[in-house]
Amino acid sequence: MADLKKRFWGQRTYCLITGASRGIGQKFATEFSRRFAANSLLVLMARSESGLVQTKELVTNANAGVTTKIYSVDLSKPDPELFLNMIQTSLTDSGYNPADFAVSLIVHNVGSVGDVSEVTSNMSCPEKWQEYFSLNLFSVACLNSQFLKVFPEGSVKQRTVVNVTSLCATKPFKSMGYYCTGKASREMFFRVLAEENPSLNVLNYAPGPVDTDMLLEVISSTGDADIKEMFVNLKKTETILTVDQTTERIIKVLENGKFESGQHVDYYDE
Ligand SMILES: NC(=O)c1ccc[n+]([C@@H]2O[C@H](COP(=O)([O-])OP(=O)(O)OC[C@H]3O[C@@H](n4cnc5c(N)ncnc54)[C@H](OP(=O)(O)O)[C@@H]3O)[C@@H](O)[C@H]2O)c1
């Protein structure tokens, strides 16, 4: 059982969130920071500078005691040196050391849905596979490794790693071949990480179907009529979740700490 001892929030935290310029990542950044103690440090990554600036403003309004550093970076190009440098400079530029924090938290939220117009029997282009996995797996593993170099075992009281996963990691959906294989492999990576590192709290969180740009992209681009209908119905019947709903849920999951490290926890789980 993850040893979060019911006191995850309210501590001095170093938190890195990828894909923080919009959607789920932006809401996580705002609501998580509200719960951090003063002198916490929040590091936000995505490509859109303007989106990151907007998230930073939301964070400052939520909790002025949190320092926010933004890095506009294309995470589809895994670069270990750059990743390590960004983490280290976020600390040195703020005048902090890893040991100043009680909690280190990395949230691998970045993700893309891939080409949903292509069926698996046509997925013959190695460059396309490479491009998809560069962003959704290779870069994630690379950033995670650099993060753990800066926050090794014993550096802080609690080290938590969150992977934003999906039902698609465990259940196949037509036209979503890249996405399903990407999420399945990424989730397994984090399960192995949990096995190898008993002192880490690893959470694979599936946020449910959430009303973001990603979901709109599936509706507009899927090559499968059933999948299109399923997502259109979710929106029409308003059973689709808001970013607020899924953020409230993960906040509770982290607060309660009742998950095995490496476990897949879905929004709809009890
Ligand atoms: N929405 C859903 O229904 C749903 C369901 C299950 C799981 N998820 C997962 O939740 C996570 C967030 O999804 P979302 O719905 O919030 O998606 P979204 O609205 O499309 O946001 C994706 C985020 O990733 C960033 N990003 C994309 N490509 C990038 C790149 N090359 N380099 C750096 N950053 C990049 C985007 O920022 P820039 O464009 O500024 O780079 C944005 O901040 C994803 O992992 C997704 O798979 C979503």
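See the structure printed just above.
Structure report, in brief. Predicted, not measured: the structure shown is a model, and the values here were computed from it. Each chain has its residues counted from 1, running along the sequence as written. Residues qualify for local features only when their pLDDT is at least 70, as the model is predicted, and side-chain atom pairs are given and counted only at 80 or more; totals for whole chains, interfaces and linings, by contrast, use all residues. Hydrogens are left out, water is left out, and the side-chain values use all remaining heavy atoms of the structure.

## Looking at the overall build of the chain
A count of helices and strands for the chain gives eight helices and seven strands. The C-alpha atoms of the chain give a radius of gyration of 18 Å, which matches the 18 Å a tight globule of 270 residues would have. Overall, the chain is about 50 × 40 × 40 Å in size when its C-alpha atoms are taken along their principal axes. Contacts in the chain between residues at least 24 apart in sequence constitute 80% of all its contacts with a sequence separation of at least 6. Note that accessible areas follow from Shrake-Rupley with a 1.4 Å probe, and for residues the cover is restricted to the protein chains shown. By element, 51% of the accessible surface of the chain is carried by carbon and sulfur atoms, the whole surface being about 12,200 Å². For the chain, the separation between the mean place of its 27 positive charges and that of its 31 negative charges on side chains is 5 Å. Segments assigned H or I by DSSP are reported as helices when at least four residues long, segments assigned E as strands when at least two residues long, and all are numbered from the N terminus. With C-alpha atoms as the basis for the radius of gyration, the globule rule is written as 2.2 Å multiplied by the number of residues raised to the power 0.38. We call two residues in contact when some of their heavy atoms are within 4.5 Å. The sign given to each residue is positive for Lys and Arg and negative for Asp and Glu; His and the chain ends receive no count. Think of each charge as sitting on NZ of Lys, CZ of Arg, CG of Asp or CD of Glu.

## Regarding the site of the ligand
For the ligand, the set of nearby residues contains 30 residues, the closest of which are Arg47, Asn109, Tyr179, Val210 and Thr212. Take Arg47: an N or O atom from its side chain is 2.7 Å from an oxygen atom of the ligand. In protein, a polar contact means a hydrogen-donor-capable atom and an acceptor-capable atom, both N or O and within 3.5 Å, with residues adjacent in sequence counting only if both atoms are side-chain atoms; elsewhere, any N or O pair within 3.5 Å suffices. The backbone of Leu75 places a nitrogen or oxygen atom 2.8 Å from a nitrogen atom of the ligand. Alone, the ligand offers 890 Å² of accessible surface; in the complex the protein occludes 94% of this. Among the secondary structure elements, those contributing two or more residues to the shell around the ligand are helix H1 (23-34), helix H5 (177-196) and helix H6 (213-221). For the shell around the ligand, the leading source of residues is H6, giving three residues. Here a residue counts as near a molecule or strand whenever at least one of its heavy atoms sits within 4 Å of it.

## Topic: the side chain of Ser139
By the secondary structure assignment, Ser139 is in helix H4 (residues 126-150). Excluding residues that lie within four positions of it along the chain, Ser139 makes contacts with Leu75, Pro78, Phe83 and Ser134.

## What about unusual backbone geometry?
Even without glycine at this site, Ser175 takes up a positive phi of about 75°. The residue Ser175 is located in the loop between strand S5 (158-164) and H5 in this model. With a relative accessible area of 9%, Ser175 lands in the buried category. We note that Glu238 has phi near 55°; this positive angle belongs to a residue other than glycine. Residue position: Glu238 is located in the loop between helix H7 (225-236) and helix H8 (243-256). Categorising residues by exposure relies on relative accessible area from a 1.4 Å probe, with only protein chains included: less than 20% of the type maximum marks a residue as buried, more than 50% marks it as exposed, and the intermediate range marks it as partly exposed. Residue Glu238 is classed as exposed on the basis of its relative accessible area, which comes to 67%.

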